[in-house]
Every structure is written in structure tokens, then in C-alpha cells.
Amino acid sequence: MAISQDLQSGRVGRGPGAGIRVSIGLLLLVGGLYFGSQCLVELPDRGIGALAALLAFPITWITFWRARVRRQAFRDFYLTPEGTWHRWIRGGVVMLANRLIIALALALLLIIGLARVESRAFWAVLLSVALLWPISYALCLKFVALQANPRFHRLLATRMHMALWFAVLLVVLVVLAFFAPVPDVRSASLDEAMLRFTMGYPARSQALDWGLVASEGLRALPHWLLQNLGEGLPSRLLSLLAWSLVLMREWLFAWPLLLLFQAAQDMLDGRIDDRLREAGLLK
């Protein structure tokens, strides 16, 4: 089959310029996210809601596609085609609505993360990811090709690819967080620590303001504990590990960002018909 040959050869899309098209699209996406992040605090609630909906649609697509492909595998290997269950649990409106709700939550987390990012080094890393994305995805396709069923090969390659870039982004975020200034809350009460962390993020949108305050409030408690009790840890290695775990909460920002990248690739590489067939949405 042509699709199987393309997967085993590591082709990421149709046409000689598919990889270039994906990279350019991702570079434009990173640029849009960067410039958009500079004015998030000026947007009203309606603007934040519209942006969340805009970001949620592509995230809904990629999460719905993945859920449908997994459901297809379950139906085909566990159920008989003649049974009523095989027809009933294919995944339709209920699955789509569920993924839309999840996507809206992830989009809001992404917006809060974008409003908090201040390091230009992180944006430089994202530009590098956009350039390398088609190449790394092709390598994942080749690596998984000999192990996976061709029908589910793209799903496994996509999950592996996103997991690898997620690990890279998480390491970058943690390293940058080690060098970012944080309020000094040693000898401060917990209430004072909360106040110091939640100051400095005035947003016009009440929803975004609440999200930023909640995010910084969740960040304040572990920082307060480590700044006041961290000296009691028996070694510097344990202290470093504790700080890394505290700073690793940034995954709430990295994961929806990568889902957005994957959705952009799906829309730009010219293989949307193949993905629809894999999900059972197209004959």
C-alpha cells in the first residue's frame, strides 16, 4: 500500500515541499504565539475567550483523532464486526464533546503559560523545534515502521515524537527556571509568600488575572517550603532534585504547546485524508 510505503520511508507528507511547508507553518505559529503573548494582559475577557476557542480547535482535532484511532484498535481486536457494541462505541459526538472540554482547559493553561513566559531563550528554542520538527518526525516514522501495525503506525510515531520533544522542552523550562529571579520568601509567613508571588501580573481580563494568581499561588507554596526548609536536606543532590521537581510543573504549559504543533503538522503535511481514514471518519 502507498500509505504503508510512505510510513516506512519516513515521508512526513505529500509533495516535495511538505517538510518545508510544515516548518514554515510552525515558524509562523511560534511567531504568532510570541507576539500574541506580549499583549495577553491587555485583552478583555471576550478576547481571552476567543483566543482560548481558537487554540482549542486544533487541540481538539489532534486529541479526537488519537482517541478515535485507539477506539478503532479496540473495536477491531476485541469486538466482532457483527456485534452491536462494534457500532455503538466507535466514538462520535460524546467523544468529540469530551475532547473539546479537555482542549479548552489545555488552551487556558497554554494562555496562562504564554502570559508568564519572559525568557527569550525559550522562544529561540521553540524556533529550533519548529525547524527540526519535520526531520525528527520522519526519523520517528522510520524507527517505528518495522514494529507497528501500519494502521496504527502514525499514532505510535506521533506519541513517541511528542514524548521526545516534551522531554526536551521540560528540561529547557526547568533549566531556565533555575536562572529566573523569584521572590525571596525566607523567614516570611506563608501569607506573605503568597502575596509576593501573586503580585506583578495585572491583567485586564478577570479570567486571565484569576488564572495567573492561581498559577503563582500554586508556585508559592513549594518555593516557600524549599526556601525555608531546603537547608535541612542532607545533600546538595537531594536539594537539586527537590528544586527540579518544584520547577517541573511547567509541563502544564509544554504539553498543550506540543499538541498545537502536532495539529499544525496534520493540517499542513497534505495527509489529512489518511488520518481521517485511520480514525474511521473517511472511507
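The coordinates are above.
Owing to the predicted nature of the structure, the values given are computational and were not obtained by experimental measurement. (Residues numbered from 1 in each chain as written. Predicted model: local features only at pLDDT ≥ 70, side-chain atom pairs only at ≥ 80, totals over all residues. Heavy atoms only, no water.)

Peer 1: Even after reading the chapter, I still don't get the overall build of the protein, so can you show me in this structure?
Peer 2: Within the protein, the regular secondary structure consists of twelve helices and zero strands. For the protein, the proportion of its 283 residues judged to be buried stands at 45%. By sequence separation, contacts in the protein at least 24 residues apart represent 80% of the contacts at least 6 residues apart. As presented, the protein carries roughly 15,300 Å² of accessible surface, and 69% of it is formed by carbon and sulfur atoms. (Helix = DSSP H or I, 4+ residues; strand = E, 2+ residues; numbered from the N terminus. Buried < 20%, exposed > 50% of the residue type's maximum accessible area, 1.4 Å probe, protein only. Contact = heavy atoms within 4.5 Å. Areas by Shrake-Rupley, 256 points an atom, 1.4 Å probe, with all protein chains shown as cover.)

Peer 1: I would appreciate a short explanation of the environment of I20 in the present structure.
Peer 2: Mapped onto the fold, I20 is located in helix α2 (residues 18-37). For the pair formed by I20 and P134, sequence separation is 114 residues and the distance between their alpha carbons is 8.0 Å.

Peer 1: So what exactly am I meant to see when it comes to the nonpolar core here?
Peer 2: One broad rule of soluble globular proteins: the nonpolar side chains tend to lie buried together. One finds F122, W133, L208, L257 and F261 to be the most contacted residues of the largest nonpolar core, which totals 51 residues. Residue assignment for this core shows that the elements contributing at least two residues are α2, α3 (45-78), α5 (93-116), α6 (120-145), α7 (153-179), α9 (206-229) and α11 (251-268). In this structure, L257 is in contact with L33, L110, F122, L126 and L169, ignoring residues within four places of it in sequence. (Core = buried A, V, L, I, M, F, W, Y, C linked by side-chain atoms within 4.5 Å.)

Peer 1: Any chance you could explain the packing of helix α8 (residues 190-198) against α9 here in plain terms?
Peer 2: At a minimum axis distance of 8 Å, the contact between α8 and α9 shows a crossing angle of 135°. The orientation of α8 relative to α9 falls into the category oblique. Once α8 is placed against α9, the crossing between them reads as right-handed. On α9, the residues that touch L190, A193, M194, F197 and T198 of α8 are V213, E216, G217, R219, A220, L221, H223 and W224. (Axes fitted to C-alpha atoms, helices over the stretch in contact; angles between N-to-C directions. Parallel < 35°, antiparallel > 145°, perpendicular 65-115°, else oblique. Left-handed = near helix turned anticlockwise from the far one by under 90°.)

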